[in-house]
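One letter stands for each residue in the lines below.
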Amino acid sequence: MKKLLSVACAGTLLFTSTAFAQDSGNGPSVFVTHEFNGDSEISSAGVAFNFKQQNSGFGGAVLMSLGRADIVTTKLNVEDYLAWELGGRIGYFSDISIYAEAGVDLGELFGRGHLDEDRYHDHEFYDGDDYHDHYHDHDDYYDHDDRFANDSLDAYVGIGGGIKLGQVQVNGQVRYRQIDSEDWKALDDVYSGVTVSFSF
C-alpha cells in the first residue's frame, strides 16, 4: 500500500507538471486549508498554480503549502510537526469542480524528519489525570520503537470538489494519509477538511 501511494503521488505530480508546462495557465491562487480526524488536525496556507486546457474545464493544479500538524499516534501521544507539502490535482474545474489529488511532505523528503525527529519531538502525553506537554531528547530519553523503524515518506491521495463564487473557491476534500516517524505512527489514516482559495 505504501509503494502504491508513492507511485500515485509521483504520477499525479508528473502529470500536472507536464500539463502545466504545455497549457496556458489561468493564474495563481492562494489558499488556506484545515483537515481533521478526531483530535488530529492539519492546518496550512499555500499557493496554487492552476491551469485548464483550452476551451475545456479539464485541467489541474500544482500546490505548495506550509502549516502545522497535530497528530494523535497509536500510542495516544499528540505529535506536532511542520507540514511542508507539495501536491497536484487533476480534474474538472469550473463553477462546480471535482478532482483527484496527491502530494508528499517535502520536509520529510529533504530532511527525512518531523522537526528534526532524530533528536527532538514536542508531544503531549496522558498520565491518567490530564494531558501534559513534554519535550524530550529521543537519543537520551526515549527508547525507539522497532515497529516504526521503517519510516515511510509521508504522503497523501484524495478526492475533492467544490463551488466557485467569483474569485473565491470553496472545496471539501477527503484524503488518505501516510503519516509516521521513526518512533510513532498516526492513529488515523483518513482526514476530511475544507479549503478556501482566492484567485488572482
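Residues numbered from 1 in each chain as written. Predicted model: local features only at pLDDT ≥ 70, side-chain atom pairs only at ≥ 80, totals over all residues. Heavy atoms only, no water.

### Observations concerning the pattern of salt bridges
Okay, step 1: One pass over the structure, following the stated rule, counts 8 salt bridges.
Okay, step 2: Residues Glu35 and Arg177 are paired through a salt bridge, measuring 2.8 Å at the closest nitrogen-oxygen approach. Of the two residues, Glu35 sits in strand 1 (residues 25-37) while Arg177 sits in strand 9 (residues 168-178), which places them 142 residues apart along the sequence. The same class applies to Glu35 as to Arg177, namely buried.
Okay, step 3: The partner of Arg68 in a salt bridge is Asp80, with the nearest N and O atoms 3.9 Å apart. With a gap of 12 residues between them, Arg68 in strand 3 (residues 58-72) and Asp80 in strand 4 (residues 78-92) connect regions that are remote in the sequence.
Okay, step 4: A relative accessible area of 9% means that Asp80 is categorised as buried. (Salt bridge = Lys/Arg side-chain N within 4 Å of Asp/Glu carboxyl O. Helix = DSSP H or I, 4+ residues; strand = E, 2+ residues; numbered from the N terminus. Buried < 20%, exposed > 50% of the residue type's maximum accessible area, 1.4 Å probe, protein only.)

### Observations concerning empty space enclosed by the protein
Remark: the empty space left among the atoms is shown by a probe the size of a water molecule rolled over them.
Okay, step 1: Tallied over the entire structure, the rule returns 2 cavities of 30 Å³ or more.
Okay, step 2: For the largest cavity, the calculated volume is near 120 Å³.
Okay, step 3: Along its surface, the largest cavity is lined by 17 residues, and Phe31, Ser65, Glu85, Tyr156 and Arg175 are the ones closest to its centre.
Okay, step 4: Every element with two or more residues in the lining of the largest cavity is listed here: strand 1, strand 2 (40-52), strand 3, strand 4 and strand 9.
Okay, step 5: The residue makeup of the lining of the largest cavity, split by class, is 6 nonpolar, 6 polar and 5 charged.
Okay, step 6: Space inside the second largest cavity adds up to approximately 30 Å³.
Okay, step 7: Lining the second largest cavity are Tyr81, Glu85, Asp105, Asp154, Ala155, Arg177, Gln178 and Ile179.
Okay, step 8: Listed by contribution, the elements that provide at least two residues to the lining of the second largest cavity are strand 4 and strand 9. (1 Å grid on protein atoms, 1.4 Å probe; cavity = no way out; pocket = protein on both sides within 12 Å on 5 of 7 lines; lining within 4 Å. Points joined across faces, edges and corners; volume = space filled by probe spheres on them. Nonpolar A, V, L, I, M, F, W, Y, C, P; charged D, E, K, R; others polar.)

### Concerning the confidence of the model for the chain
Okay, step 1: Chain-level statistics for the chain give a pLDDT mean of 79 and a share of 68% at 70 or above.
Okay, step 2: Strand 9 holds the highest mean pLDDT among the elements of the chain, 98, whereas strand 7 (residues 131-137) holds the lowest, 44.
Okay, step 3: Below pLDDT 50 for its whole length, residues 113-121 participates in 40 contacts with residues either more than four positions away or in separate chains.
Okay, step 4: Confidence drops under pLDDT 50 across residues 131-144; counting only partners more than four residues distant or on other chains, this segment forms 44 contacts. (pLDDT = per-residue confidence, 0-100. Contact = heavy atoms within 4.5 Å.)

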